[in-house]
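Listed below are the residues making up each chain.
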Amino acid sequence: MKFPKLTLTLILTLISTFFPPSSPDPNDQSCLSNLFKTLQDPNHNLMNWTEPNFQNPCSGFLSNLAGATCNNGRIYKLSLPNFNLHGSISPFISNCTNLQSLDLSNNSLTGPIPTELQYLVNLAVLKLSSNHISGTIPPSIAMCMYLNVIDLHDNDLTGTIPAQVGSLVRLSVFDVSNNKLSGPIPVSLGNRTGNLPRFNVTSFWGNKDLYGYPLGPMKNKGLSVVAIVGIGLGSGLVSLMLSFTVVCVWLRVTDQKMAAEQEGKITQLMPEY
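Right, let's walk through the structure included here. (Residues numbered from 1 in each chain as written. Predicted model: local features only at pLDDT ≥ 70, side-chain atom pairs only at ≥ 80, totals over all residues. Heavy atoms only, no water.)

## Comments concerning the side chain of Asn179
At step 1: Within the secondary structure, Asn179 sits in the loop between β13 (173-175) and β14 (180-184).
At step 2: Residue class for Asn179 comes out buried when judged on its relative accessible area of 7%.
At step 3: Within the structure, Asn179 has its side chain in polar contact with the backbone nitrogen of Leu157 (distance 3.0 Å). (Helix = DSSP H or I, 4+ residues; strand = E, 2+ residues; numbered from the N terminus. Buried < 20%, exposed > 50% of the residue type's maximum accessible area, 1.4 Å probe, protein only. Polar contact = N/O pair within 3.5 Å; in protein donor to acceptor, adjacent residues only side chain to side chain.)

## Side note on unusual backbone geometry
At step 1: In this model, Tyr213 is joined to Pro214 through a cis peptide bond whose omega is 10 degrees.
At step 2: Relative to the assigned elements, Pro214 resides in the loop between β15 (209-211) and α5 (225-269).
At step 3: For Asn82, which is not glycine, the phi dihedral falls at a positive 60 degrees.
At step 4: Residue placement: Asn82 occurs in the loop between β5 (74-79) and β6 (86-87).
At step 5: The residue Ser130 is not glycine, and still its phi comes out positive at about 55 degrees.
At step 6: Residue position: Ser130 is located in the loop between β9 (125-127) and β10 (134-135).
At step 7: Classification of Ser130 as partly exposed rests on a relative accessible area of 23%.

## Let's talk about the packing of aromatic side chains
At step 1: Under the defined criterion, the tally for this structure stands at 5 aromatic pairs.
At step 2: With a centroid separation of 6.0 Å and an interplanar angle of 85 degrees, the aromatic rings of Trp49 and Phe54 are classed as edge-to-face. Note on accessibility: Trp49 and Phe54 belong to one class, buried. (Phe/Tyr/Trp six-rings, centres within 6.5 Å; stacked < 30°, edge-to-face > 60°.)

## Some remarks on the sheet that holds strand β4 (residues 68-71)
The pairing of strands in a sheet comes from backbone hydrogen bonds and takes either a parallel or an antiparallel form.
At step 1: Reading across from one edge, β4-β5-β7-β9-β11-β13 is the order of the 6 strands in this open sheet, with mixed pairing throughout. The open sheet has two edge strands, β4 and β13, and neither has a second partner. The average undirected angle you get between the axes of adjacent strands in this sheet is 20 degrees.
At step 2: By the bridge criterion, 3 bridges tie strand β7 (residues 101-103) to β9 in an arrangement that is parallel. Its bridge partner being in β9, Asp103 is matched across the sheet by Lys127. (Pairing = 2+ DSSP bridges. Axes fitted to C-alpha atoms, helices over the stretch in contact; angles between N-to-C directions.)

## Points about helix α2 (residues 26-37)
At step 1: Given a rise of 1.5 Å per residue, 12 residues ought to cover 16 Å, and the 17 Å separating the end C-alpha atoms of α2 matches this to within 8%.
At step 2: Where α2 is concerned, the buried positions are Asp28, Cys31, Leu32, Ser33, Asn34 and Leu35.
At step 3: At the N-terminal boundary of α2, the capping side chain belongs to Asp25, with an oxygen 2.7 Å from the backbone nitrogen of Asn27. (Expected span 1.5 Å × (residues − 1).)

## Side note on the nonpolar core
At step 1: If you look at the biggest cluster of nonpolar residues, it comprises 50 residues, and the most contacted ones within it are Trp49, Leu78, Ile93, Leu99, Leu102, Phe174 and Phe204.
At step 2: Elements supplying a minimum of two residues to this core: α2, β4 and β5.
At step 3: Each residue touching Leu99, except ones within four places of it in the same chain, is listed here: Ile75, Tyr76, Lys77, Leu78, Ile93, Leu120, Asn122 and Leu123. (Core = buried A, V, L, I, M, F, W, Y, C linked by side-chain atoms within 4.5 Å. Contact = heavy atoms within 4.5 Å.)

## Some remarks on the pattern of salt bridges
At step 1: The full count for this structure, using the stated rule, is 2 salt bridges.
At step 2: With its nearest N and O atoms 3.5 Å apart, the salt bridge here joins Asp25 to Arg74. Taken together, the residues Asp25 in the loop between α1 (5-18) and α2 and Arg74 in strand β5 connect sequence positions 49 residues apart. As far as the burial class goes, Asp25 and Arg74 line up, both buried.
At step 3: Across the pair Arg74 and Asp28 runs a salt bridge whose closest N-O atoms are separated by 2.9 Å. Remark: Asp28 occurs in helix α2 and Arg74 occurs in strand β5; sequence separation between them is 46 residues. (Salt bridge = Lys/Arg side-chain N within 4 Å of Asp/Glu carboxyl O.)

## With respect to the side chain of Ser177
At step 1: Looking at the secondary structure, you find Ser177 in the loop between β13 and β14.
At step 2: Aside from chain neighbours lying at most four places away, what touches Ser177 is His153, Asp154, Thr202, Ser203, Phe204, Trp205 and Asn207.

## Quick look at the sheet that holds β14
At step 1: Here we have 4 strands laid out as an open sheet, ordered β10-β12-β14-β15, and parallel in their pairing. Looking at strand neighbours, the two that pair on one side only are β10 and β15, the edges of this open sheet.
At step 2: As paired strands, β10 and strand β12 (residues 156-159) are joined by 2 bridges and run parallel to one another. In the sheet register, Ser134 faces β12, and the bridge partner there is Asp156.

Keep in mind these values describe shape, not function.
Structure (structure tokens):
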């Protein structure tokens, strides 16, 4: 079907009126600019991460920034694995409010997981594995209810696994292996029911103080039975020796007292000359 030129012009005018082209978002600019400030890039993989590009990072689905993907003029994916990046994750990452995927795996990042990630309500994929990230897993990460991938393996994370993470019903990949986590594995993660994806032992191993299904029960950090019995016997022997010593001293003092009394009586009975 052919449209008259006037009709086509009218259609294009209506489209431009009701669906104007996307403009740069200042939140994305703040997100990218501050993230770049907290990163060190010795291999110069982020050479085009410059202020002019931060001001206008997207052109439709394309981006001027390495590792960035856009959707309707907004940053919706940051994929920077194996970039040999150092530094930490800026809390301003939360300004990329349209972000759906964040992959910073296989770098040398340090510092904590920002609690501000909770404001990335569209986040579906979080990959921070194989870094040197420390601190705890923030319970507030459960606010990202669309998360279906949380990959944090091979870091220096400590503390417990927040039970709140088990409330993420879309979660299909969860890996915290080879960290320094401790405490029980939440039942909502280790023993999921119904149609929820289940996580096997490989998701949790490499954390020596972590326990609970699918890992084994809590390890006894206390003394062995033999050691406890030995300590008990030793304590009993020491108590017995102390008691015996006290009795001996008491008997000796008593004997001396009795001897003195007898000597006094004999002295009284002897005649005086």
